[in-house]
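A closer look at the structure
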Amino acid sequence: MQTLAPSIWWPRGASFVLAALAAASASFWALKVSAVNTATNAPVAAMSGPVVIDAVSVARALGGGPGTAAVAAPSASLASRFAMVGVVADQHSAGAALIAMDGKPAKPYRVGDAIEDGLILQSVQGRKAALGPASGAAVLTLELPPLKQ
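These notes cover the structure that comes with them. Keep in mind that what you see is a predicted model, and the values were worked out from it rather than measured. Sequence order sets the numbering: in each chain, residues are counted from 1 along the sequence as written. Local features are withheld for residues below a pLDDT of 70 in this predicted model, meaning they are given only at 70 or higher, and side-chain atom pairs are given and counted only at 80 or more; totals for whole chains, interfaces and linings count all residues. Side-chain calculation: all heavy atoms of the structure are included, whereas hydrogens and water are not.

**A word on the pattern of salt bridges**
Just to be clear on terms, a salt bridge is a Lys or Arg side-chain nitrogen sitting within 4 Å of an Asp or Glu carboxyl oxygen. On inspection of all chains with the given rule, the structure shows two salt bridges. In this structure, the salt-bridge partner of Arg81 is Asp102, at a minimum N-O distance of 2.9 Å. A residue pair is termed long-range when its members are at least 10 positions apart, and Arg81 in helix H3 (residues 66-81) and Asp102 in the loop between strand S2 (96-101) and strand S3 (107-110) qualify at 21 residues. Only protein chains enter the calculation, and the probe is 1.4 Å; a residue is then buried if its accessible area is under 20% of its type maximum, exposed if over 50%, and partly exposed in between. What makes Arg81 partly exposed here is its relative accessible area of 27%. Accessibility expressed as a relative area gives 43% for Asp102, which makes it partly exposed. Across the pair Arg81 and Glu116 runs a salt bridge, and its minimum N-O distance is 2.9 Å. Here the residue Arg81 occupies a position in helix H3, and Glu116 occupies one in strand S4 (residues 114-116), the gap between them amounting to 35 residues. Under the relative-accessibility criterion, Glu116 is labelled partly exposed at 24%. Each helix is a run of DSSP H or I of at least 4 residues and each strand a run of E of at least 2, with the numbering of both proceeding from the N terminus.

**A short note on the packing of aromatic side chains**
Aromatic rings considered in pairs are described by the distance between their centres and by the relative angle of their planes. Only rings of Phe, Tyr and Trp enter the pairing, Trp through its six-membered ring, and a pair is recorded when the two centres are within 6.5 Å. The plane angle decides the type: under 30 degrees is stacked, over 60 is edge-to-face, the rest tilted. This model, assessed by the stated rule, comprises one aromatic pair. Considering the side-chain rings of Phe28 and Trp29, the 5.1 Å spacing of their centres and the 80 degrees angle between planes classify their relative orientation as edge-to-face.

**Overview of a nonpolar patch on the surface**
Patches here are clusters of residues that have more than 30% relative accessible area and form no salt bridge, with a 9 Å joining cutoff for like charges and a 5 Å cutoff for nonpolar side chains (Val, Leu, Ile, Met, Phe, Trp, Tyr). Methods summary: accessible areas were calculated by the Shrake-Rupley approach with a probe of 1.4 Å, and residue burial reflects only the protein chains presented. Where nonpolar side chains cluster on the molecular surface, the patch consists of Phe16, Val17 and Leu21 and spans about 340 Å² of accessible area. By the secondary structure assignment, Phe16 is in helix H1 (residues 5-34).

**Describing the nonpolar core**
Remark: nonpolar core denotes a set of buried residues (Ala, Val, Leu, Ile, Met, Phe, Trp, Tyr, Cys) joined through side-chain atoms within 4.5 Å. Judged by nonpolar contacts, the single largest core of 15 residues is most densely connected at Phe82, Ile99, Ile115, Leu121, Leu131 and Leu142. Going through the elements one at a time, strand S1 (82-88), S2, strand S5 (119-125), strand S6 (128-132) and strand S7 (140-143) are the ones with two or more residues in this core. Sorting elements by how many residues they give to this core places S5 first, with three residues. We call two residues in contact whenever any of their non-hydrogen atoms come within 4.5 Å of each other. When neighbours within four sequence positions are excluded, Phe82 is seen to be in contact with Ile99, Ala100, Met101, Ile115, Glu116, Leu119, Leu131, Leu140 and Leu142.

**Regarding the sheet that holds S2**
A pair of strands counts as paired when DSSP detects no fewer than two bridges linking them. In spatial order, the strands read S1-S2-S3; together these three strands make up an open sheet with antiparallel pairing. At either margin of the open sheet sits one strand with a lone partner, and together these are S1 and S3. Taken over all neighbouring pairs, the strand axes of this sheet differ in orientation by 35 degrees on average, direction set aside. Orientation is described by axes fitted as lines to C-alpha atoms, over the contacting stretch for helices, and by angles from 0 to 180 degrees between their N-to-C directions.

Take a look at the structure:
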């Protein structure tokens, strides 16, 4: 006598495997679509302050001597920090100057006033102002831009 048992289990087993594959595929794509994109939500590192560059090391890396960069760098950075907006000069070099520092609004300084630590307004002559230490030669000379005609 023949039994029909083996022929019944073959379609049932195949349907179970197919259903399991369909469920696995559906859950894979559901997780893939609902996943949060971590690349767009990555935290951004903020810079804590301005980057300090050692001019001597840069000059040495580019083939220059250490004395070349050490002399040129401070005066260039110092000159870029100050801008003279106005000047009042008299014959005795005892005038005043309107000087803007670090992009801030200009403030008036008289000859002999400290602009920042170790730097004073030494003299004012015509359209020029000399800045430097209290005793010694001027480190920086500020000049008003030429008049527009």
